[in-house]
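Architecture at a glance
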Amino acid sequence: KHILLLGAPGAGKGTQSKRLADEFDLEHVTTGDALRANKDMDIGHMDFEYDTPREYMDAGELVPDDVVNEIVKTALQNADGYVLDGYPRNLDQAQYLSEITDLDAVVYLDVDEDELVRRLTGRRLDPDTGDIYHTEFDMPDDEEIRGRLVQRDDDTEETVRERLNVYHENTSPVVEHYRDRGVLVEVDGEQTPDEVFEDVADVVEDA
Ligand code: AP5
Ligand code: ZN
């Protein structure tokens, strides 16, 4: 199955994608994680503003399409079924995606802006496993895991604000694009993670 998960920064794309990948035996294809794993690769180019993904990400801006399209193309070539998270983020990327693959379902996680900020500023990650936690909503019981949790570089208040601006400007039109085509399934992303998963899994099962 080819599943696309859309949502603002902090909507829960990563949290739900991981569970979907496990439950339905799908590849979790995420441009954010891929770029973080290659933060310092040299993408210097005459037309580009910065030389590395890190600089774009720390500023809350989009990494250039050429770089991201290439990552997605390679990842999708190597995936049978997948859940795509963090891409497409603008209409050009959506156009590119439509040229390289077909989608079986497009799910949009709907979450209010205040809640997004709360989630992003409280997020913690386990650097060993990639598991996603939250200081208020979801902390691990294991003290050893709690001790090694880290915050993402772009989860500072200033960068979060910029990421939300970029989302409204560039990525909201992508949501509308799929809505206009009648393929968007909206899920209330403000429920508990388990409840959100139930709703998303229903869509994936029927896809
Ligand atoms: P990316 O890594 O994709 O970040 P994002 O889209 O901003 O989304 P997040 O990962 O912040 O949020 P999420 O929806 O995955 O939420 P999560 O599950 O973690 O991109 C980062 C950067 O990379 C971009 O800014 C850009 O620079 C670059 N980039 C990436 N893709 C690109 C592209 N295609 N083109 C160009 N540039 C690109 O959950 C968030 C928190 O909420 C966690 O703490 C979690 O525990 C908690 N939580 C989750 N669900 C719930 C719930 N139901 N109730 C309570 N808390 C919850
Ligand atoms: Zn994510």
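So, how was this worked out
Residues numbered from 1 in each chain as written. Chains lettered and ligands numbered in written order. Predicted model: local features only at pLDDT ≥ 70, side-chain atom pairs only at ≥ 80, totals over all residues. UniProt positions renumbered as here; feature names shortened; annotations may be inferred. Helix = DSSP H or I, 4+ residues; strand = E, 2+ residues; numbered from the N terminus. Buried ≥ 20, exposed ≤ 12 C-beta atoms within 10 Å, placed from the backbone. Contact = placed C-beta atoms within 7 Å. Near = placed C-beta within 6 Å. Nonpolar A, V, L, I, M, F, W, Y, C, P; charged D, E, K, R; others polar. Pairing = 2+ DSSP bridges.

For the rest of this paragraph, the subject is the UniProt feature "binding site: ATP" (unreviewed entry) in the protein chain. Cross-referencing UniProt, the feature "binding site: ATP" (unreviewed entry) maps to G10, A11, G12, K13, G14, T15, R123, I132, Y133 and Q191 in the present numbering. Of note, G10 is situated in the loop between β1 (2-7) and α1 (13-24). The class for G10 is buried, based on 27 C-beta atoms found within 10 Å. Ignoring any residue separated from it by four or fewer positions in sequence, one finds G10 in contact with V111, L116, R119 and L120. With respect to the secondary-structure elements, R123 resides in strand β5 (residues 123-125). Classification of R123 as buried rests on a count of 22 C-beta atoms within 10 Å. Once you skip the residues sitting within four places of it in the chain, R123 turns out to touch I132, H134, R152 and D155.

Residues in close proximity to ligand 1 total 36 residues, the closest being P9, G14, G32, G86 and R123. Where the shell around ligand 1 is concerned, the elements lending two or more residues are α1, α2 (31-37), α3 (53-59), α6 (113-122), β6 (132-134) and α9 (193-206). Taken together, the residues that form the shell around ligand 1 break down as 15 nonpolar, 13 polar and 8 charged.

Before going further, it helps to examine unusual backbone geometry. Here Y87 and P88 are connected by a cis peptide whose omega angle stands at 0 degrees. Mapped onto the elements, P88 comes out in the loop between β3 (82-85) and α5 (91-100). A positive phi angle is found at D25, which is not glycine, with a value near 55 degrees. With respect to the element layout, D25 can be found in the loop between α1 and β2 (27-30).

What follows concerns the UniProt feature "binding site: AMP" (unreviewed entry) in the protein chain. Under the feature "binding site: AMP" (unreviewed entry), the UniProt entry names T31, R36, E61, L62, V63, G86, Y87, P88, R89, Q93, R152 and R163. Spatially, the listed residues are scattered: they cover 133 residues, and their C-alpha atoms lie as much as 24.6 Å apart. Relative to the elements of secondary structure, R36 occurs in helix α2. The exposure class of R36 is partly exposed, given the 17 C-beta atoms found within 10 Å. Tracing the sequence through the fold places L62 in the loop between α3 and α4 (65-77). Looking at L62, the number of C-beta atoms within 10 Å reads 20, which means it is buried.

As judged from the 5 bridges shared by β1 and strand β4 (residues 105-110), these two strands associate in the parallel manner. Along β4, the bridge assignment pairs G7 with L109. As judged from the 5 bridges shared by β4 and strand β7 (residues 184-188), these two strands associate in the parallel manner. Counterpart to L109 in the pairing with β7 is V187.

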